[in-house]
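Inside the fold
Chain by chain, the residues:
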Amino acid sequence: METDTRSIDREALAQLFLQWQSGGKRIVAPKRINGKTDFARVASLDEVSLDRVQTVQSPKSAVFPRVEELFSFLSRDGKVEIRERDLAALPGTVLFGLRPCDAAAFASLAAIFTWDSPDSLFSARLANTVVVGVSCPRADEYCFCTSVGGGPGAVTGSDILLTETGSGVFLAEIVSEKGRQAVHGADGLFGPAAGMDKEGHLAKVEAAFAKERIGPALASLFDDAAFWEEQSRRCLGCGACAYVCPTCACFDIQDEGGASGKRLRCWDSCGFGLFTLHTSGHNPRPLQSQRWRQRLMHKFAYMPERQRVLGCVGCGRCSRACPVDMNILEHVRAIAEAKP
Amino acid sequence: MEALRSKARELLAGKTVQVVIGYGPGSGGGARAVFIREAAQADILVFDGTCQQNLAVYLMKPEVRKLGKAALVATPPALRTILQLAAENQLTDAALLVLAVSPSGNEVVPLATFAALEAHVAALDHGLGAADKAELETYAALSLERRRQFWEEQFSRCLKCYACRAACPLCYCTRCTVECNQPQWIPVPAHDLGNLEWNVMRAMHLAGRCVDCGDCSRACPVGIPLHLLNRKLIGAVFADFDFRSGMAAKADNAMSTFKPNDPEDFIR
């Protein structure tokens, strides 16, 4: 649909929150918790914190929770009964205040979860989620959205994108049919957008590398063990980068409860040594340098090849969360600049 | 800083060590671990208040061990970590040269033997600072019920990314309890029970071993104050067994050593 551009002020936005809540939707937005900003359910606009460049975690748990019951099973008299999840019971969600990079990440997640056979839980959650992005007025040294096809005011992935153009006044771009539905019946809360310009209110993020260069560079570096060891020596092999990443989609399956119980899908990370360990004891990626290589290959080579979408949106979360300062922008630059 | 750089240059040029593990400039005005293998690279070494990571964690990494004999730039907790690793038979004397650096970074004391390390560590102050002491006292003053609520709330945010484990130099098991599934001791999912069992198990495995470097809390992406658990246990071990970890290269493990004159009679 054609973008519908309007204006909305903070007071009207607070009213819109009430309308969404009375329509049965939960609102998940950035909130200050324990001195950090993270996505959590909020009761009102007042609880929303938009003054940080980024949240610690990505909003992916709205569509891909860190632990999700896939189905339950009941073993009785030699028969096993499977109880599927009731997709209609999944919560309707307004994901509010995420940055354009996070909004863009849903395309990467969807590409994985609907690649061969669509994942019904993921798809149902995504269909039930309205994405209300807020453009970035500021960026930091870890941001690189413009190098991977995004931008601080990019609308891709958002159903509605807000840009604060003055104190408490937002330009509202209603981008999708889902966005239009979300503001249905709320025309009175919006004003005209005549004369409003968002460009002057966006962070400046310089392009740091040419993304077309990364795939071929990775292909020629694949066997260069010394390069990967040099790049990854301080990496400790934890899962912080993968777990805060808005596009990392690897998971592990766990059964709980014995003969009757639940099958659970849990986040997993290619950075863990156990990730590829075979039952035989053989591990095709025994070294941390190989696991680090896999992380970059998957995002910048395999996903563009197979899913036609990059596995990185340049949000910089992994760099900020890394306990040992593995700054992904530096590593991707080193790959782009490596002599083949 | 120059003292550190010239020492590193000397050690590498003279082939006394093959690698100097220290701090170099990192992102956001901070410092990060660097592995210097040539004298000419020693100029990137820095030492200031942002150099907090306990670099002894790298002594247990095969990727670093294979580089050869190392000199390690060590803060006070790293010094104690090395002695604790020695006490647990993970490091041998002479396999390592420790570079103890004064807080200003202007003075470097090379410690080539565990005996020298012990003497150096014995002279340091191991008490908590005023702010740390107040934080622990506030926490310890909570009722049992309030403490349970506190940890339930904290652990509800645990992602099970295991950054605490990875950052901890004393969590060096090649196969962690949480990765054993025959039987499954600790639930893998990051749900309430899984998170409680994981974090309590880790704290208990570090009781009498943790040297209070604080890297678990610093590593946690969601800001869980794990150091409070460790500090509480450090206090308990000291009170019950008069034992402080990381002070000697030969020491019994406080939690797995039985003495016939143990005042508790439940074990007899």
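Residues numbered from 1 in each chain as written. Chains lettered and ligands numbered in written order. Predicted model: local features only at pLDDT ≥ 70, side-chain atom pairs only at ≥ 80, totals over all residues. Heavy atoms only, no water.

1. Section: the sheet that holds strand β5 (residues 108–111) of chain B
Residue and element names in this part refer to chain B. Which entries qualify depends on this criterion: We call two strands paired when DSSP finds no fewer than two bridges between them. Comment: elements are numbered from the N terminus, with helices defined as DSSP H or I runs of at least four residues and strands as E runs of at least two. In this analysis an axis means a line fitted to C-alpha atoms, helices contributing only their contacting stretch, and an angle means the value between N-to-C directions, from 0 to 180 degrees. By definition in these notes, contact holds between two residues if any of their heavy atoms fall within 4.5 Å.
The mixed open sheet is built from 5 strands, whose spatial order is β2-β1-β3-β4-β5. The sheet terminates laterally at β2 (31–36) and β5, the two strands that pair on one side only. The sheet shows a mean angle of 30° between the axes of neighbouring strands, direction not considered. Summarising the sheet, strand β4 (residues 96–101) and β5 pair through 4 bridges and their orientation is antiparallel. Among the inter-strand pairings, Val-101 is bridged to a residue of β5, identified as Val-108. Running at roughly 170° to β4, helix α1 (residues 2–13) makes contact with β1 (19–25), β2, β3 (70–74), β4 and β5 of the sheet.

2. A short note on the side chain of Asn-54 of chain B
Residue and element names in this part refer to chain B. Rule in force here: Three exposure classes are used, based on accessible area relative to the maximum for each residue type with a 1.4 Å probe and protein chains only: buried under 20%, partly exposed in between, and exposed over 50%.
By the element assignment, Asn-54 lies in the loop between β2 and α2 (62–65). The exposure class assigned to Asn-54 is buried, which follows from its relative accessible area of 1%. When sequence neighbours within four positions are dropped, the list of residues in contact with Asn-54 reads Pro-77, Ala-78, Thr-81, Pro-169, Cys-213 and Asp-215.

3. A few points about a nonpolar patch on the surface
Residue and element names in this part refer to chain B. Short version of the rule: Each patch is assembled from residues with relative accessible area greater than 30% and no salt bridge, linking like charges that lie within 9 Å and nonpolar side chains (Val, Leu, Ile, Met, Phe, Trp, Tyr) that lie within 5 Å. Values of accessible area rely on a 1.4 Å probe in the Shrake-Rupley scheme; residue burial ignores everything except the protein chains shown. The working definition used for a salt bridge is a side-chain nitrogen of Lys or Arg within 4 Å of a carboxyl oxygen of Asp or Glu.
Taken together, the side chains of Leu-196, Val-200, Met-204, Phe-241 and Met-255 present a nonpolar region at the surface, about 440 Å² in accessible area. Turning to its location among the elements, Met-255 is positioned in the segment after α10 (227–241). Look at Met-255 and you get partly exposed, because its relative accessible area is 44%.

4. What to know about the state of the cysteines
Applied cut-off: Note that a disulfide, as used here, is simply two cysteine sulfur atoms within 2.5 Å.
One pass over the structure, following the stated rule, counts 0 disulfides over all chains. In this structure Cys-250 of chain A is not part of a disulfide, and its nearest cysteine sulfur, from Cys-270 of chain A, lies 6.0 Å away. This cysteine, Cys-213 of chain B, is not joined by any disulfide, and Cys-168 of chain B carries the nearest cysteine sulfur, 6.4 Å off. A residue is classified by how much of its surface remains accessible, and Cys-213 of chain B, at 17% relative accessible area, is buried.

5. Quick look at empty space enclosed by the protein
Residue and element names in this part refer to chain A. Under the convention used in this document: In this analysis the probe radius is 1.4 Å and the grid spacing 1 Å, with only protein atoms considered; a cavity is a set of points the probe fits into but cannot get out of, a pocket is an open set with protein on both sides within 12 Å along at least five of seven lines, and lining residues have an atom within 4 Å of a point. Grid points are joined across faces, edges and corners, and a volume is the space filled by probe spheres set on the points.
Under the criterion given, the structure shown has 10 cavities of 30 Å³ or more. Considering the residues around the largest cavity, the lining is formed by 18 residues, among which Cys-235, Cys-238, Cys-241, Trp-292 and Met-326 are closest to the centre. Where the lining of the largest cavity is concerned, the elements lending two or more residues are α7 (240–244), α8 (288–306) and α9 (317–321). Take the lining of the largest cavity: its biggest share by element is 4 residues, from α8.

6. What about α10 of chain B?
All names here are of chain B. The test is simple: The span expected for a helix works out to 1.5 Å for each residue beyond the first.
Over its 15 residues, α10 runs 20 Å from end to end, which matches the ideal 21 Å to within 8%, given 1.5 Å per residue. Its buried side turned inward, α10 meets α5 (130–140), α6 (144–155), α8 (192–206) and α9 (215–219). Positioned one or two residues after α10, Asp-242 has a phi angle of 55°, which is positive.

7. Description of the pattern of salt bridges
All names here are of chain A. This model, assessed by the stated rule, comprises 34 salt bridges over all chains. A salt bridge links Arg-265 to Glu-68, with the shortest nitrogen-to-oxygen separation between them at 3.5 Å. Of this pair, Arg-265 sits in strand β12 (residues 261–267) while Glu-68 sits in strand β4 (residues 67–76), placing them 197 residues apart in sequence. Three or more residues joined by partner-sharing salt bridges are found here, namely Glu-68, Arg-85, Asp-119, Arg-125 and Arg-265.

8. Remarks on the domain arrangement of chain B
Residues and elements named next belong to chain B. Condition: Domain boundaries shown here were taken from an automatic or database domain assignment. Here's the idea: put two parts together, see how much 1.4 Å probe accessible area each one loses, and the total over both is what we call buried area.
Here chain B is partitioned into domain 1 (2–122) and domain 2 (130–243). Between domain 1 and domain 2, the residue contacts involve 14 residues of the former and 12 residues of the latter. Overall, the association of domain 1 and domain 2 removes approximately 1100 Å² of surface from exposure, summing both partners, and the carbon and sulfur fraction of that is 58%. The largest contributions to the domain 1 side of the interface with domain 2 come from Val-57, Gln-84 and Glu-88, which together make up 35% of the buried area.

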